[in-house]
Amino acid sequence: MLAALRTAVLLLLAVALSALAAPALAQSKAAAETAFRDWLQTTVWPLAQKKGVSQATFQAAFAGVTLDWTLPDLVPPGTTPKPPQVQWQAEFQSPGRYLSEDKIAPLVKGGRALVREWGKTLAAIEARYGVPKEIVVAIWGRESAYGRAAIPKNAIQTLATKGFMATRRDMFLPELVAALEILEGDHIPLSEMKSSVAGALGQPQFLPSKYLAYAVDFDGDGRRDIWRSVPDTLASIANYLKAHGWKAGDAWGVEAVVPAAVTCALEGPEQGHPLADWTKAGVTRIDGAAPPGKAGDTRFLMMPAGRLGPAFLVSQNFYVLKTYNESDLYALFVGHLADRLAADGRIRGAWGTKAGFSRGDVRAMQQRLEKLGYDVGGADGLVGFKTRTAIGAWQAKNGLPATCFPDAGLIKTIR
Ligand code: CA
C-alpha cells in the first residue's frame, strides 16, 4: 500500500517535472540559437574573412541556418559533456565481421562494372598519380558505395553546429572555415554541398581541410567537384594517397602463411624487415609462392586476429591506406576489395576468433597489461596491433604459445 502510494507520488512528480522541463528546454534551445548567431558573427566571420571569404558568401552560407539538434555528440551551452556512449557490455565482435562476404560481394560486383566504365579516366589517373585503378575504386566503394550512398546533410549547417557545440568543437571550427573557403572558390553550389553527420564531404568523404589540400579538378571544368564529378572524385582519392606516400608499382600486401616459428608478436608497422628476411624465415604467399617485391623491400606482418585469423605480409602502401582511416581492418577491406576488383580470390584463412567476452572485458585486460608495463596503445576495449603484440609478448614471457588475440580464458589468465 505504502509502496503503491510512493509510486503514485513519484509518477506525479515525474509528470510535473517533465511539464516544467519542456518549456525550459525550448527556452534553452532558443537561447542557444541566439548565442549561435552571435558566435557566427564574432568568432567565425573574422576567421573566414582572414581566409578571403567574402561577406556575400558568408551571408548566403548562413541564411536561414539554425542549429541541427539531431547530430550526435552535441554539448549545448550550459550543459556538461556526457562521457562517450560505449557499449562496454556488448559482446566483442570478431574482426572477420568487418570483412564478411555480404559486405564485400555487392561492392565487387558494382565495382568491376565501374572499373570498366571509367577505364580511360582511371588509366589517366594511374599514369599521373601512380595509384592502381582498383585501389582508387575500392576507396570510392568503401566511402560512399560508388557515390550511391545518401550523403544527407547540409555541410555548412553540420559543421557550424559541430563547431559551435560538439564535443570536438575545436577541431570543427577550422573545418567550418575551410568549408566557407570551398564555397568562395565556387566549386559547388551551396545547396549541393552535402556532408555526412561527421562533416565529411562528397563521394570521397573528405573533411574540408583535406578537400582544400587534396581535391583536384580532373575533368577540366575548373571546379574541384567531389560531389557530382566521378573523374574529380577518383583523381582526388589518388592524389590524397600519392601525397601520403603511395609507392607506385608496389602491392599493398598479400595473404601469407606464417610458420609457427615466426611469432605473431612480430606484427605491426614498427617491426618492418626486408622481404628477404621474411622469406628466409619461411613466410610465403597463401598459395606457397614467394611474396611479391624485391629482396630489400620493407615488409610488415599484419595479423588482425593474431593466430586466430588470416595473416598478411604488407608493404608501406598498406599504412598509406591507413592514413585514410586509421583502422587496420579498413585498410585490409580496401586492399582486399581492390584485389577482388582485379579478379583475385577470397581471403582463405578462417576467422577463428572466439566469442564469450565483452569490450569491457578487453579493456580490463588492457588495464592489467598496462600495470604490468606493456604498451597496449590505450585501454579502449579495441584490439589494435599494440594490444595484439602486447598479448603475444605476455604469452611468451609466461611460457604460453603466442596467439596475440584475446579469448575468454586468456582474459582471466592475464593478471
Ligand atoms: Ca571538375
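Everything quoted here is computed from the prediction, not taken from an experiment.

Side note on the coordination of the calcium ion
In this structure, Asp-217 (OD), Asp-219 (OD), Asp-221 (OD), Arg-223 (O), Asp-232 (OD) and Asp-232 (OD) serve as the protein donors to the calcium ion, at separations of 2.2 to 3.0 Å. The site at the calcium ion holds 6 donor atoms, and with the angles between them running 47 to 162 degrees, its shape is irregular. For the calcium ion, all donor residues lie on one chain, and their spacing in sequence is D-x1-D-x1-D-x1-R-x8-D. Residue classification places Asp-217 among the partly exposed residues on the basis of a relative accessible area of 27%.

Some words on the environment of Glu-192
For Glu-192, the location among the structural elements is in the loop between α7 (169–184) and β2 (194–195). Sequence-wise, Glu-192 and Lys-153 are 39 residues apart; in three dimensions their C-alpha atoms are separated by 9.6 Å. Those residues in contact with Glu-192 that sit more than four places away from it in its chain are Trp-227 and Arg-228.

Here we look at the packing of helix α6 (residues 155–165) against α7
As a packed pair, α6 and α7 sit with axes 7 Å apart at the nearest point and diverge in direction by 150 degrees. Taken together, the axes of α6 and α7 are roughly antiparallel relative to one another. Once α6 is placed against α7, the crossing between them reads as left-handed. Each of Ile-156, Leu-159, Ala-160, Lys-162, Gly-163, Phe-164 and Met-165 in α6 lies in contact with α7, whose residues at this interface are Arg-169, Phe-172, Leu-173, Glu-175, Leu-176, Ala-179, Leu-180 and Leu-183. Considered class by class, the residues forming the contact of α6 with α7 number 11 nonpolar, 1 polar and 3 charged.

Some thoughts on the nonpolar core
Within the largest apolar cluster, 85 residues are counted, with the highest numbers of intra-cluster contacts made by Phe-58, Phe-62, Leu-180, Leu-241, Trp-252 and Leu-321. When residues of this core are assigned to their parent elements, the largest contribution, 9 residues, is made by helix α12 (residues 328–341). Mapped onto the domain boundaries, this core takes at least three residues apiece from domain 1 (35–74 + 132–243) and domain 2 (253–342). Sequence-distant contacts of Phe-62, that is, excluding residues within four places in its chain, are made with Arg-37, Leu-40, Ile-156, Ala-160, Leu-176 and Leu-180.

Topic: the sheet that holds strand β7 (residues 311–314)
Strand pairs in the sheet, formed through backbone hydrogen bonds, run parallel or antiparallel to each other. Ordered by their spatial adjacency, 5 strands build an open sheet running β4-β6-β7-β3-β5, and the pairing between neighbours is antiparallel. Edge positions in the sheet fall to β4 (273–274) and β5 (284–285), since each of these pairs with one other strand and no more. Bridging between strand β3 (residues 253–257) and β5 involves 2 bridges; their strand directions are antiparallel. Following the sheet pairing, Ala-256 is matched in β5 by Arg-285.

Examining the pattern of salt bridges
Scanning the model with the defined rule gives 17 salt bridges in all. Between Arg-340 and Glu-101 there is a salt bridge; the shortest N-O distance is 2.6 Å. Of this pair, Arg-340 sits in helix α12 while Glu-101 sits in helix α3 (residues 101–117), placing them 239 residues apart in sequence. Since its relative accessible area comes to 7%, Arg-340 is described here as buried. Given the relative accessible area of 24%, Glu-101 is considered partly exposed. Glu-192 serves as the salt-bridge partner of Arg-228, at 3.4 Å between the closest nitrogen and oxygen.

A word on the side chain of Asp-328
If you trace the backbone, Asp-328 turns up in helix α12. Asp-328 gets classed as buried once you look at its relative accessible area, which sits at 9%. When residues no more than four places from it in sequence are discounted, the contact partners of Asp-328 are Glu-267, Met-302, Phe-318, Lys-322, Phe-385 and Arg-388.

Some points on the domain arrangement of the protein
Examined at the domain level, the protein breaks down into domain 1 (35–74 + 132–243), domain 2 (253–342) and domain 3 (359–413). Distance from the C-alpha centre of domain 1 to the C-alpha centre of domain 3: 39 Å.

A closer look at helix α14 (residues 385–397)
Taking 1.5 Å as the rise per residue, α14 with 13 residues should run 18 Å; its terminal C-alpha atoms sit 18 Å apart, in good agreement. The set of residues buried in α14 consists of Phe-385, Thr-387, Arg-388, Thr-389, Ala-390, Ile-391, Gly-392, Trp-394 and Gln-395. Buried residues along α14 sit against β6 (298–302), α12, α13 (359–371) and α15 (408–413). Looking at the residues trailing α14, positive phi occurs at Gly-399, about 70 degrees.

The rules behind each value
- Residues numbered from 1 in each chain as written.
- Predicted model: local features only at pLDDT ≥ 70, side-chain atom pairs only at ≥ 80, totals over all residues.
- Heavy atoms only, no water.
- Donors = N, O, S within 2.8 Å, 3.2 Å for Na, K, Ca; no water.
- Tetrahedral: all angles 85-135°; square planar, octahedral: opposite > 155°, others 65-115°.
- Buried < 20%, exposed > 50% of the residue type's maximum accessible area, 1.4 Å probe, protein only.
- Helix = DSSP H or I, 4+ residues; strand = E, 2+ residues; numbered from the N terminus.
- Contact = heavy atoms within 4.5 Å.
- Axes fitted to C-alpha atoms, helices over the stretch in contact; angles between N-to-C directions.
- Parallel < 35°, antiparallel > 145°, perpendicular 65-115°, else oblique.
- Left-handed = near helix turned anticlockwise from the far one by under 90°.
- Nonpolar A, V, L, I, M, F, W, Y, C, P; charged D, E, K, R; others polar.
- Core = buried A, V, L, I, M, F, W, Y, C linked by side-chain atoms within 4.5 Å.
- Domains from an automatic or database assignment.
- Pairing = 2+ DSSP bridges.
- Salt bridge = Lys/Arg side-chain N within 4 Å of Asp/Glu carboxyl O.
- Expected span 1.5 Å × (residues − 1).

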